[in-house]
Structures are given as C-alpha cells and as structure tokens.
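Architecture and fold: a report
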Amino acid sequence: MASAAAQLRELPAGYQRVTGEYIDVITDMPLSDELRELPQVFDEAMLLWCEEFGVALEEVATWRVEAFIMLDRGRFESAGFIPKEVPNFPFGFQYGNQVWVAEQPSGYYRRHLLLHEGTHWFMNRRYGDHGPPWLMEGMAEWLGTHRWDGNRLSLGIIPQDRQDVPYWGRISLIQKQLADGTAPSLETILRYGNTAHQQVDAYAWSWAAVLFLKHHPDTSKFFQRLFQQPMRSDASMTRWLFARLRERWPNVRQDWNAYVTELEYGYDLSRGMLRTSDPSEPLVGKQVTVVIEAKQAWQAAGVSVEAGSKIKISATGEYTVNAKPTPWRCEPDGVTLEYYRGEPLGKLMLAVIAPIDQEPQTTSRLTLVPIGSGGTFTMATPGKLYFKVNEANGGLADNTGQLTIAIAP
C-alpha cells in the first residue's frame, strides 16, 4: 500500500491531483473534465474487479494506488515520480502501488490504459504474484476494454464499433493478420514470454485468447479454476490448463479457428461458439433433415462426411435479416441488397469442421462453402457439417425465422 505521505505528497508547480476512494491521479496537464472523472472511473472499476476475482469489498478497504497521467515523461523522471527500476514503456506500466500512463490522443484510450494497468495492480494485490504473460496481459486487456457513459462503467465488453474505442485497434489487427496469413496459433500465444508484449499484436492476441478460453463451453470451467492455482509467471499455470484440456485440444484448436474467423466488432458471445465436440454420425444411406435458426451462429447438423464424398443439400425457409430500419425478407440464397464477405447477406453457408491433431503454424480462417438454396457439393475435407446464415456474428441477434436443410449422400 502506498504510504499516506506518498498519497498526500506535495506536488511541484505544474502538477495537478484528483483523488478518489482508491486512487490518486497526478498529471502534468490542466484538469479537463475527462481527467477529473478518472477517480470515479477507477472507483467503479474496483467494484467490478472485486466481483470478477471474488474479493470482498472489506478486503480492499485500505488498498490505494497512485496513477501518473503523463504528457512529458521526462518531467516525471526529474520530479522523482518514476523509480529507476521502472523500464522505458510506450503506453503504460504498473509497479507496486503505482501506475503510469502516457497521455493518449483519445479519452477512451487513456481510460483503457489506466484500467489495463489497474487490472495488473489489482491482480497483483489479490494473488501476490504475476501469472504467465498471456494470462496477465489478456485479462488486463479484457478488463480494460470498457464502456463509460459518464456515470456507469462496464468492463469486459466487446466493442460494437471501432468508433467506440478510438486507438484501441485490437480487432482490426487480428483480422489483418488473419488475412495476411501471419496470425499466431493458439499455442504460440500461450507460450508468449516476458518480452512478447513489447509488440502491440501480442496484446491483441492475448485478449482474444482470454476471451475464447473464458467463454468457450469446453474450456470455461477450467479457465475459471486456473485462478485457484498458485499464481506463477512461469509456464506452470499454462501446463496445468493444458493438462486438463489435453484430450479436447485437437477440438479446441479448430474451435479457436472458427471463433477468430467470426471475431469482429460487435461479436456477440450469446450467439454461441462453434464446438467440434458436438456429436455426429456419418452421412450414409439416407437423407437427414435439420432445422437451424437464422439468429444463431454456427449450428451442428449432427452428421459427418469423408473427404471426396459428394452430398446433396437443399434448403428452404423464409426468415428476416437486418431488422433496422425495416426487416428484409430472406430465403436461403440471401438478399443482394447487401453483401458480407463477398456473398449475399443471409445466404446459407456451410463449414466442414474436423479436429486439428497437430499444432498448425498459424491460425487460419474457416473455409466456407456458399450453399444458398442447394446443389451437389464435393467435400474437400472430412469433418462435421455446420451451417449458419451469411452475416456478421454481431448482426444475427435481430434475425427471425428458421431454415430447413435436407442433406443426402
């Protein structure tokens, strides 16, 4: 805990302070409204961090942090506000009961960095040590990404639009690296060392990995139990997690690919993540009929196919997409009023999914097959069949209606 003297230290000329219940903010800039509200933001975050990590409010009653919002880092060094052991950093840093944030070109990103470093501080106080880099930075990114309306704070959000989070850029970076073929495998992310986060892309991928492991139905309970293990910065916590998921890991690899394929602004966790562990039976000898919801993400057909096999698919149904301002009536061939990823909005799409037995060099997007109202298709790969309508994950919620799909060998 910072000493009372440190909390109330006399400031040299040119510095301002604003205080809250858990934080003192010191800056070398004039106090704008956005700077004045930072203590309120931080105090709201304390309540949410306590809830996230299972800490009673009474336990944090005496916790307090100093936060330095710096326009000119050199001035803070000269004033003795940055210990010599603190390394040079481009954006933010946490050490003991102090955090430093370099001034940013947007109020959102300034708050994001304060909450990111605040998450590090809270976790360090809660657990007494640092965990592996992917976990610590991923959690700090997850709980730093926020919505603030001037009164109420929400943490752990998925931004609806890039304009909501100016200068954050994690989703754009992920989609660019996917398109370029340079996206790291999930294992690569979990092996990040202490220097990986000198590069911005490591923050983006650590955030994506935490979001996935925390919410995927096959990994979430083990991810939560991870915080009951001794907090260590080596690979021991990651090994503990992998040991519990070892038998599922080939499925997890493919589910990760499917998740990252869909991970865009507005991604909706409630639509459901694809699970290659869903049961299925080989498609042999008879027609299978399945019904899927237009408002859900990838849905299992319950059948599997072999590579090179030919199957007949026909789809029928009326449903609506793009409810605002006026719902568009749609059939399986989609509506050509708007396109998504090169195909008509609402068109029926197929993915053939199989476990990945060996670690791939990179994370890859799913290969999608446009189905529309149907036809005969030759399967390029073996796997289970999954269907969804062609629309961004974040746009599915306002859809209504169903499709009936007949699948025959």
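Let me sum up the structure you'll find in this document. The model shown is predicted, which means the values in this text are computed figures rather than measured ones.

The rules behind these values
Residues numbered from 1 in each chain as written. Predicted model: local features only at pLDDT ≥ 70, side-chain atom pairs only at ≥ 80, totals over all residues. Heavy atoms only, no water. Helix = DSSP H or I, 4+ residues; strand = E, 2+ residues; numbered from the N terminus. Buried < 20%, exposed > 50% of the residue type's maximum accessible area, 1.4 Å probe, protein only. Contact = heavy atoms within 4.5 Å. Areas by Shrake-Rupley, 256 points an atom, 1.4 Å probe, with all protein chains shown as cover. Lys, Arg positive; Asp, Glu negative; His and termini not counted. Charge placed at Lys NZ, Arg CZ, Asp CG, Glu CD. Phe/Tyr/Trp six-rings, centres within 6.5 Å; stacked < 30°, edge-to-face > 60°. Lys NZ or Arg CZ within 6 Å of the ring centre and 35° of its normal.

1. Concerning the overall build of the protein chain
- Of the regular secondary structure elements, the protein chain holds twelve helices and 20 strands.
- If one aligns the C-alpha atoms of the protein chain with their principal axes, the spans along those axes are about 80 × 50 × 40 Å.
- Within the protein chain, the fraction of its 409 residues that count as buried is 54%.
- Nonlocal contacts in the protein chain, meaning residues at least 24 apart in sequence, comprise 69% of its contacts between residues at least 6 apart.
- By element, 48% of the accessible surface of the protein chain is carried by carbon and sulfur atoms, the whole surface being about 18100 Å².
- Computed over 39 positive and 48 negative side-chain charges, the separation of the two mean positions in the protein chain equals 4 Å.

2. A look at the packing of aromatic side chains
- Under the defined criterion, the tally for this structure stands at 25 aromatic pairs.
- Here W49 and F122 contribute two aromatic rings whose centre-to-centre distance is 5.8 Å and whose plane-to-plane angle is 45°, an arrangement assigned as tilted. Remark: F122 occurs in helix α5 (residues 107-127) and W49 occurs in helix α3 (residues 38-53); sequence separation between them is 73 residues. Accessibility assignment for this pair places W49 and F122 in one class, buried.
- Taking the centre distance of 5.3 Å and the plane angle of 25° together, the rings of F68 and F81 count as stacked. In this pair, F68 is assigned in strand β3 (residues 65-70) and F81 in the loop between α4 (73-78) and β4 (92-95), connecting sequence segments 13 residues apart. An identical accessibility class is assigned to F68 and F81; each is buried.
- When the ring centre of W298 is taken as origin, the NZ or CZ atom of K388, which lies over that ring, is 5.7 Å away.

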